[in-house]
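# Reading the structure
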Amino acid sequence: MANHAISASMDAASPIVKPGFRLVPATIGRPEAPRRVWIECPTFCTVNHAADRQIAVEDVWHSGDMTSLEVPAADGNVELLALARMGLDDYSTDPAVRAPHLFVEDAGTGEGAYLDADAAEQFADNLVAFAAKVREMARACRIPKTGVTLAKVTPLHTRGGAA
Ligand SMILES: [Zn+2]
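Before going into details, it helps to say that this report is about the structure given with it.

Quick notes on the rules
- Residues numbered from 1 in each chain as written.
- Predicted model: local features only at pLDDT ≥ 70, side-chain atom pairs only at ≥ 80, totals over all residues.
- Helix = DSSP H or I, 4+ residues; strand = E, 2+ residues; numbered from the N terminus.
- Buried ≥ 20, exposed ≤ 12 C-beta atoms within 10 Å, placed from the backbone.
- Contact = placed C-beta atoms within 7 Å.
- Pairing = 2+ DSSP bridges.
- Expected span 1.5 Å × (residues − 1).

What follows is about the overall build of the protein chain. Looking only at helices and strands, the protein chain has three helices and seven strands in total. Taking all 163 residues of the protein chain together, 7% fall into the buried category. Across the protein chain, every contact between residues at least 6 apart in sequence was considered, and the portion connecting residues at least 24 apart equals 22%.

Here is the structure:
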């Protein structure tokens, strides 16, 4: 069938794939006449390009799995705050998107930012600092209401006056 022909043509071509990429089958064309072609796909990509038919190769874009930042809600559920995923769009008019990047999305608005590796590292540093502050505040929330053990948390309440 078609897959056999594709394998044979790939063997004959002996393509060289750049580091960080692999060849994967993609379905390209109109619904009445789809074709299987082989495309370079970054190793982080989890899109099934064979199942995700596109009209043209230029329409193919690559995405990794989403990771999410969730806030626990009082009812036991979670509220989605932000999403992040890796991406690459070889044919984008935006040069930043034609390179592997991180896309960070505000889950509430759907607005987002494309981050290159340096910006993504900075963002990660910001998250680590944010997490440290959140943990510090979480521990401060554990202050006993009686005030009997306030001495244990004195560094967080030096200006409030001891009870
Ligand atoms: Zn891909």
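Okay, back to it.
The pairing of strand S1 (residues 21-28) with strand S2 (residues 35-42) spans eight bridges and is antiparallel. Across the sheet, the residue bridging to proline 25 is tryptophan 38, located in S2. From the end of S1 to the start of S2, which pair antiparallel, there are six residues, and glycine 29 there has a positive phi angle of about 125°.

Successive residues of a regular strand alternate their side chains across the two faces of the sheet. Both strand S6 (residues 101-106) and strand S7 (residues 112-115) contribute to a ladder of four bridges, which runs antiparallel. Looking across to S7, one finds that valine 104 is bridged to alanine 113. Counted between consecutive antiparallel strands, the loop separating S6 from S7 contains five residues, among which glycine 110 sits at a positive phi close to 80°.

A separate point is helix H3 (residues 117-140). Compared with the 34 Å implied by 1.5 Å per residue over 24 residues, the 35 Å span of H3 between its first and last C-alpha is a close match. Burial of H3 is sparse: only zero of the 24 residues sit out of reach of the surface.

Let us now look at the environment of leucine 83. Checked against the element boundaries, leucine 83 lands in strand S5 (residues 78-88). Leucine 83 gets classed as partly exposed once you count the C-beta atoms within 10 Å, which come to 16. C-alpha of leucine 83 to C-alpha of threonine 67: the two residues are 16 residues apart in sequence and 5.7 Å apart in space. If we ignore the near neighbours within four places in the chain, the residues touching leucine 83 are Met66, Ser68, Glu105 and Ala107.

The next point concerns the environment of valine 60. Inspection of the secondary structure assignment puts valine 60 in the loop between S2 and strand S3 (62-63). The spacing of valine 60 and cysteine 41 is 19 residues in sequence and 9.7 Å in space, taken between C-alpha atoms. Leave out the neighbours within four places in its chain, and valine 60 touches Ala26, Ile39, His49 and Gln54.

Moving on, we come to the environment of glutamine 54. By the element assignment, glutamine 54 lies in the loop between S2 and S3. A tally of 16 C-beta atoms within 10 Å means that glutamine 54 is categorised as partly exposed. For the pair formed by glutamine 54 and arginine 35, sequence separation is 19 residues and the distance between their alpha carbons is 9.9 Å. The residues contacting glutamine 54, other than those within four sequence positions of it, are Ile28, Asp59 and Val60.

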